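One letter stands for each residue in the lines below.
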Amino acid sequence: MKKSLALSAFLMASLVGLSAQAGESRTLCVYDPSGANGDAYATMKEYQVAASQWGIDFDLKPYTNEKTASDDFKAKKCDAVFLTGLRARNFSKFASTLEAMGALPSYDLLGDAIALLAQPKAAKLLKNGAYETVMVMPMGAVYLMVRDRSWKSIEDIAGKRITTIDFDEAAIHMVKLSGASMVSADISTFAGIFNNGAADICYSPTTAFKPLELEKGVKEKGGIVRYPIAQLTGQILTHADRFPADFGEKSRQYGSENYKKILQLSTKSEADIKDSYWIDITKANKDRYDQIFLDVRVKLRDDAKVYDKSMLSLMRRLRCSADKTRSECAQKRE
């Protein structure tokens, strides 16, 4: 009898142990233009391993169409989703505002912002109704790529044709403000439009330069303007009620701790660009860019309600902490 009780106790303890080790199964839908072979998907596979330590076993589901991934998440076919910040705007205006034009002109500032969002006191800002932004990662600074490098200032953009992502309200406003013409595109078509000469300018991270063969558009007379107009981010969102209460905090901390490792994908792609492609601009032109970007951010905050006021204010503090000589630091418009 004693042996039987001891055996039962042993089996029960073993089952409890196995139950504690087994995580809850959840689906993570991952947008990557290259599907399961892409860098974003590979990064999510590493994230999958980390999440298992927090009690969640993710089943990764690749998507090459971002809108479909977004729609499936909204329809609750995915427990979590990986999207660009631009598309994530539908679920979190606060976190997506990290991609505001000119708001984070360096990778150090983006890293500082992500570290602040990983702090427990920021958690409430990253929840929007049923949705929670549980991780933000860098996907590369966005640069203007031009077919003609002879232009000298941002005013020279007037009259030029720019491929513009058709749901990117900030870019659409920027194109109108600059006097350029918008050539409607999406992530899958902008490169072809630029490469075949149907547009004079496109904007993209350098991670897309080789895969999308953008050198065909730049050729020997064009180039890449060495001044970031925005930061592209990847963001993981969840249906918060399907995850443990502390999952978001652990996930955001993971994102901050691995920021530099993930960033290497972007910095390597920039380093691989031939020097002859880069176009350096004067400080006066940089200051002019900054002023125009500020005007765009304020207008999109106040009129179009695209940008979040709190996030813009946070990023302004970061910029002015890094460089107090910026003219905007005295203006205090954000």
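Once a new chain begins, its residue numbering starts again from 1 and follows that chain's sequence as written. Restriction of local features to residues with pLDDT of at least 70 applies here, the model being predicted, together with a cutoff of 80 or more for giving and counting side-chain atom pairs; totals for whole chains, interfaces and linings are based on all residues. Each side-chain value is derived from all of the structure's non-hydrogen atoms; neither hydrogens nor water enter the calculation.

### Quick word on the overall build of the chain
Link 1 in the chain: We count a stretch as a helix when DSSP gives it H or I for four or more residues in a row; a strand needs E for two or more, and each element gets its number in order from the N terminus. For the chain, the count of helices and strands is 14 helices and 11 strands.
Link 2 in the chain: Taking 2.2 N^0.38 as the reference for a compact globule, 334 residues should give roughly 20 Å; the C-alpha atoms of the chain span a radius of gyration of 22 Å, in line with that estimate.
Link 3 in the chain: With the principal axes as the frame, the chain shows a C-alpha extent of 90 × 45 × 35 Å.
Link 4 in the chain: Burial classes follow relative accessibility: with a 1.4 Å probe on protein chains only, a residue under 20% of its type's maximum area counts as buried, one over 50% as exposed, and anything between as partly exposed. For the chain, the proportion of its 334 residues judged to be buried stands at 53%. With the radius of gyration taken over C-alpha atoms, the globule rule is written as 2.2 Å times the number of residues to the power 0.38.

### Here's the deal with the packing of helix α6 (residues 107-117) against helix α13 (residues 309-322)
Link 1 in the chain: To get an axis, a line is fitted to the C-alpha atoms, and for a helix only the part in contact is used. The angle between two axes follows their N-to-C directions and goes from 0 to 180 degrees. α13 packs onto α6 with a crossing angle of 130° between their chain directions and a minimal axis gap of 10 Å. The pairing of α6 with α13 is recorded here as oblique in orientation. Crossing angle aside, the handedness with which α6 passes α13 is right-handed. Residue-level inspection shows L109, D112, A113, L116 and L117 of α6 in contact with α13, the latter providing M311, L314, L318, R319 and A322.
Link 2 in the chain: For this scheme, ten residues count as nonpolar: Ala, Val, Leu, Ile, Met, Phe, Trp, Tyr, Cys and Pro. Four count as charged, namely Asp, Glu, Lys and Arg, and the remainder, Gly too, count as polar. Split by residue class, the contact of α6 with α13 holds 8 nonpolar, no polar and 2 charged. Here is the rule for angles: anything less than 35 degrees is roughly parallel, anything more than 145 is roughly antiparallel, 65 through 115 is roughly perpendicular, and the remaining ranges are oblique. Each crossing gets its hand from how the near helix is turned against the far one by less than a right angle, where anticlockwise is left-handed and clockwise is right-handed. Residues count as neighbours in contact if any of their non-hydrogen atoms are within 4.5 Å of one another.

### Structural notes on the confidence of the model for the chain
Link 1 in the chain: On a scale of 0 to 100, pLDDT captures the predictor's confidence in every residue. Counting all residues, the mean pLDDT for the chain is 91, and 93% of those residues have values of 70 or more.
Link 2 in the chain: Scored below 50 in pLDDT, residues 1-21 makes 0 contacts in the model with residues more than four places away or belonging to other chains.

### Overview of the pairing of strand β10 (residues 230-239)
Link 1 in the chain: By the criterion of burial, β10 is predominantly enclosed, with 10 of the 10 residues buried.
Link 2 in the chain: Of the two faces of β10, the one carrying A230, L232, G234, I236 and T238 and the one carrying Q231, T233, Q235, L237 and H239 are both buried.
Link 3 in the chain: Paired strands, in this sense, are two strands between which DSSP finds at least two bridges. Strand direction decides the pairing type here: strand β3 (residues 80-84) and β10, joined by 5 bridges, are antiparallel. Residue T84 lies in a different strand from β10, and its bridge partner there is G234.
Link 4 in the chain: One ladder, built from 9 bridges, connects strand β5 (residues 131-146) with β10; its direction is antiparallel. When the sheet's bridge partners are listed, E132 is paired in β10 with T238.

### Description of helix α12 (residues 283-302)
Link 1 in the chain: Over its 20 residues, α12 runs 29 Å from end to end, which matches the ideal 28 Å to within 8%, given 1.5 Å per residue.
Link 2 in the chain: What α12 keeps buried is the set N285, Y289, D290, I292, F293, L294, V296, R297, V298, L300 and R301. By this rule the span expected of a helix is its residue count minus one, scaled by 1.5 Å.

### With respect to the state of the cysteines
Link 1 in the chain: Any pair of cysteine sulfurs within 2.5 Å is marked as a disulfide. Throughout the structure, instances matching the rule amount to 2 disulfides.
Link 2 in the chain: Covalently, C320 is tied to C329 through a disulfide, its sulfur atoms 2.1 Å apart. Every disulfide takes its handedness from the sign of the S-S torsion; for C320 and C329 that torsion is -105°, giving left-handed.

### What about the packing of helix α2 (residues 39-52) against helix α10 (residues 247-257)?
Link 1 in the chain: Across the interface, α2 lies against α10 with an axial gap of 11 Å and an inter-helix angle of 135°. Classed by the angle they form, the pair α2 and α10 counts as oblique. α10 is crossed by α2, and the crossing has right-handed handedness. Between α2 and α10, the contacting residues are E46, Y47, A50 and A51 on the first element and F247, S251 and Y254 on the second.
Link 2 in the chain: Residues of the contact of α2 with α10, tallied by class, amount to 5 nonpolar, 1 polar and 1 charged.

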